[in-house]
Amino acid sequence: MKAFVMKEIGETDVIEKERPEPGPMDAILKPTVGLVCTSDTHTVHGAIGEREDLTLGHEIVGVVDEVGEDVEDFEPGDRVAVGAITPDWNSEAAQDGHPSQSNGALGGWKFANVKDGTFAEYAHINDADGNLAHIPDGVTDHEAVYTADMLSTGFAGAENADIPMGGTVAVFAQGPVGMMATKGAELQGAGRIIAVETVENRKELAREYGATDVVDFEDGDPVEQIMELTDGRGVDAAIEALGADETLQDCIKVTKPGGTVSNVGYHGDGEFRRIPREEWGVGMAEIDIVTDLCPGGRLRIRRLLRLLEQGKVDPTKMTTHEFDFEDIQEAFEMMEAKDDDIIKPLIRFD
């Protein structure tokens, strides 16, 4: 089969690989559509270290091609979604309420990390009964593929922010995760949502997804702008959706005492992140800093699919470009460079 791989740090290619085989509890999925994620580009640039011929990708939906003998709820021909994070559901971490951390920190993150990812003609899914979800007839593959990561991660940012009904939240960065955090904040009942972004098409989409105010950091310090918008009070919650030291600091600076900073950004460079001491109340301002890795699993994906089925959110507005699988290298390079105002490129495997 053909697979799009990280040959080594800084180099990608399409190569031939053996088709994977399922274990007793696993499934083999034939992808129909996928999405390229910025985190794929981080991986190629060495964020998780050296890899050799590692298949990239973690956002797909498709059709079940084969199942292991112990899989009970899925069979060949089923149209399914799978999360970017595929936990081991019998792990101690999963039983303790933290499945994304199964068998170690970030242990649920398997695709394009500790095993081959999903940008191939066939993909291996561990613990199929726990990690696959049937796609309802009324939901397209294009819609459903956003449940893999962007919807789940962005909504987790809003869920963890503990936004009071009618409260104020700032969402730093309006990439796909930030936009879904903005939409999630709206669904959570936020009264005011301040989006921080400078790219015009992203600012426009942020407003469509529920932002009541947009702060452009090229117009001045975003902290000062947010404090002015809130009459010096700050926000009840801030969501970091970029993965940068400066934006994490800014989140803390604008969050009022007793508020929450929710981090869903991928901090792929540097060894440390700094906390501004004074705004943190020298450690005693009762500001919670909550982190999360994209929640996975059948129940999570099924709930997200229900929101799509009921028309509560349309993530396909973020799809700015479409490519056939044979042109995935071009899609990856555009995502890496953020050319042509790209937000999300859809990959069609059929």
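Counting of residues starts from 1 at the beginning of each chain's written sequence and follows it residue by residue. Confidence filtering applies because this is a predicted model: local features only for residues at pLDDT of at least 70, side-chain atom pairs given and counted only at 80 or more, and all residues used for totals across whole chains, interfaces and linings. Hydrogens are left out, water is left out, and the side-chain values use all remaining heavy atoms of the structure.

A closer look at the overall build of the chain
- Of the regular secondary structure elements, the chain holds 11 helices and 16 strands.
- Relative to a compact globule of 350 residues, whose C-alpha radius of gyration would be 20 Å, the chain shows 20 Å and is just as compact.
- In terms of overall dimensions, the chain has C-alpha extents of about 60 × 40 × 40 Å along its principal axes.
- Accessibility here uses a 1.4 Å probe with only protein chains present; expressed as a share of the type maximum, an area under 20% marks a residue as buried, one over 50% as exposed, and anything in between as partly exposed. Each of the 350 residues in the chain was classed as buried or not, and the buried ones make up 57%.
- What makes two residues a contact is simply this: any of their non-hydrogen atoms within 4.5 Å. Pairs at least 24 apart in sequence give 71% of the contacts found in the chain among residues at least 6 apart.
- Counting 30 positive and 71 negative side-chain charges, the chain places the centres of these two groups 4 Å from one another. For the purposes of this entry, the term helix denotes a DSSP run of H or I that reaches at least four residues, the term strand denotes a run of E that reaches at least two, and both are numbered from the N terminus. Put simply, the radius of gyration uses C-alpha atoms, and a globule should come to 2.2 Å times the residue count raised to 0.38. In this charge count, Lys and Arg are treated as positive and Asp and Glu as negative; neither His nor the chain ends contribute. One atom stands in for each charge, and that atom is NZ of Lys, CZ of Arg, CG of Asp or CD of Glu.

Notes on the environment of Asp-53
- With respect to the secondary-structure elements, Asp-53 resides in the loop between helix 1 (38-44) and strand 4 (54-55).
- Overall, the relative accessible area of 25% leaves Asp-53 in the partly exposed class.
- Between the alpha carbons of Asp-53 and Thr-12 there is a distance of 8.4 Å; along the sequence they are 41 residues apart.
- Asp-53 has contacts with Val-5, Met-6, Lys-7, Ile-15, Lys-17 and Asp-116, leaving out every residue within four places of it along the chain.
- A polar contact of 3.3 Å, which involves the side chain of Asp-53, links it to the side chain of Lys-7. In the analysis that follows, any N or O atom pair within 3.5 Å is treated as a polar contact, provided that within protein one partner can donate a hydrogen and the other can accept it, and provided that, for residues neighboring in sequence, both atoms belong to side chains.

Some thoughts on the pattern of salt bridges
- The salt bridge definition used is simple: a Lys or Arg side-chain nitrogen within 4 Å of an Asp or Glu carboxyl oxygen. Under the defined criterion, the tally for this structure stands at 21 salt bridges.
- A salt bridge links Lys-17 to Asp-116; its shortest N-O distance comes to 2.9 Å. Of this pair, Lys-17 sits in the loop between strand 2 (11-16) and strand 3 (27-35) while Asp-116 sits in the loop between helix 2 (92-95) and strand 7 (123-125), and the two are 99 residues apart along the sequence.
- Across the salt bridge formed by Arg-273 and Asp-269, the nearest N and O atoms sit 3.2 Å from each other.
- Judged by its relative accessible area of 27%, Arg-273 falls in the partly exposed class.
- Ionic contacts of the salt-bridge type, sharing partners, join the residues Arg-19, Glu-21, Asp-65 and Glu-66 into one network.

Notes on a negative patch on the surface
- What goes into a patch is any residue over 30% in relative accessible area without a salt bridge, connected to like charges within 9 Å or, for nonpolar side chains (Val, Leu, Ile, Met, Phe, Trp, Tyr), within 5 Å. Here the open area of atoms and residues is found with the Shrake-Rupley method and a 1.4 Å probe, where only the protein chains shown may cover a residue. Taken together, the side chains of Asp-324, Glu-326, Asp-327, Glu-330, Glu-333 and Glu-336 present a region of like negative charge at the surface.
- With three residues, helix 11 (residues 328-337) is the largest single contributor of residues to the negative patch.
- By secondary structure assignment, the location of Asp-327 is in the loop between strand 15 (319-324) and helix 11.
- Looking at Asp-327, the relative accessible area reads 32%, which means it is partly exposed.

Everything listed here is a matter of geometry and, on its own, says nothing about what the molecule does.
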